[in-house]
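# Remarks on the overall topology
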Amino acid sequence: MAGSRGIGLAIVAFVVYIIGGIGTFAGVALIMLMKGRDLWGWGEGRAIGYLFLCAGLCLSILGVLLMRIFRNRGFS
């Protein structure tokens, strides 16, 4: 029972980490490529890029911390 729960938590942590990485690189791409242009009516592409960059870094850090916590607590 603990093994299946541990695998599920590990998958959740890994998905959070991957989404954070994608958000980080998408934010960098928006910062580089969308200087001064509108992004689908959401605002300037550069500002949205900074938002994606910061949120992606936070999600990546959260994913790493979750993986470490789940491993050290014996869930995996």
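Since the structure is predicted, the reported quantities are computational estimates derived from the model, not experimental observations.

### Considering the overall build of the chain
Counting its regular elements, the chain contains two helices and zero strands. The proportion of buried residues among the 76 residues of the chain is 25%. Pairs at least 24 apart in sequence give 62% of the contacts found in the chain among residues at least 6 apart. In the form shown here, the chain has an accessible surface area of approximately 5,400 Å², with 74% of it arising from carbon and sulfur atoms.

### Here's the deal with the UniProt feature "transmembrane region" (unreviewed entry) in the chain
When the UniProt feature table is mapped onto this chain, "transmembrane region" (unreviewed entry) is found at residues 7–35 and 47–70. Helix makes up 93% of residues 7–35 and strand makes up 0%, while its end C-alpha atoms are separated by 42 Å. Helix makes up 100% of residues 47–70 and strand 0%, and the two end C-alpha atoms of the span are 35 Å apart.

### Considering a nonpolar patch on the surface
A cluster of nonpolar side chains, contributed by Ile7, Ile11, Val15, Ile19, Leu59 and Leu62, occupies part of the molecular surface with about 510 Å² of accessible area. Of all the secondary-structure elements, those providing two or more residues to the nonpolar patch are α1 (2–33) and α2 (45–72). Residue position: Val15 is located in helix α1. With a relative accessible area of 40%, Val15 lands in the partly exposed category.

### Overview of the environment of Phe25
Looking at where Phe25 falls in the secondary structure, it is placed in helix α1. A sequence separation of 31 residues divides Phe25 from Gly56, and the C-alpha atoms of the two residues are 8.1 Å apart.

### Thoughts on the side chain of Ser60
Here Ser60 shows up in helix α2. Overall, the relative accessible area of 14% leaves Ser60 in the buried class. Dropping the residues within four chain positions of it, Ser60 is found in contact with Tyr17, Gly20, Gly21 and Thr24.

### A short note on the side chain of Thr24
Mapped onto the elements, Thr24 comes out in helix α1. Overall, Thr24 belongs to the buried group, its relative accessible area being 11%. Polar contacts involving the side chain of Thr24 include one to the main-chain carbonyl oxygen of Gly56, which spans 3.5 Å. Residue contacts for Thr24: discarding those within four places in its chain leaves Phe52, Leu53, Gly56, Leu57 and Ser60.

Cut-offs and rules
Residues numbered from 1 in each chain as written. Predicted model: local features only at pLDDT ≥ 70, side-chain atom pairs only at ≥ 80, totals over all residues. Heavy atoms only, no water. Helix = DSSP H or I, 4+ residues; strand = E, 2+ residues; numbered from the N terminus. Buried < 20%, exposed > 50% of the residue type's maximum accessible area, 1.4 Å probe, protein only. Contact = heavy atoms within 4.5 Å. Areas by Shrake-Rupley, 256 points an atom, 1.4 Å probe, with all protein chains shown as cover. UniProt positions renumbered as here; feature names shortened; annotations may be inferred. Patch = residues over 30% accessible without salt bridge, like charges linked within 9 Å, V, L, I, M, F, W, Y side chains within 5 Å. Salt bridge = Lys/Arg side-chain N within 4 Å of Asp/Glu carboxyl O. Polar contact = N/O pair within 3.5 Å; in protein donor to acceptor, adjacent residues only side chain to side chain.

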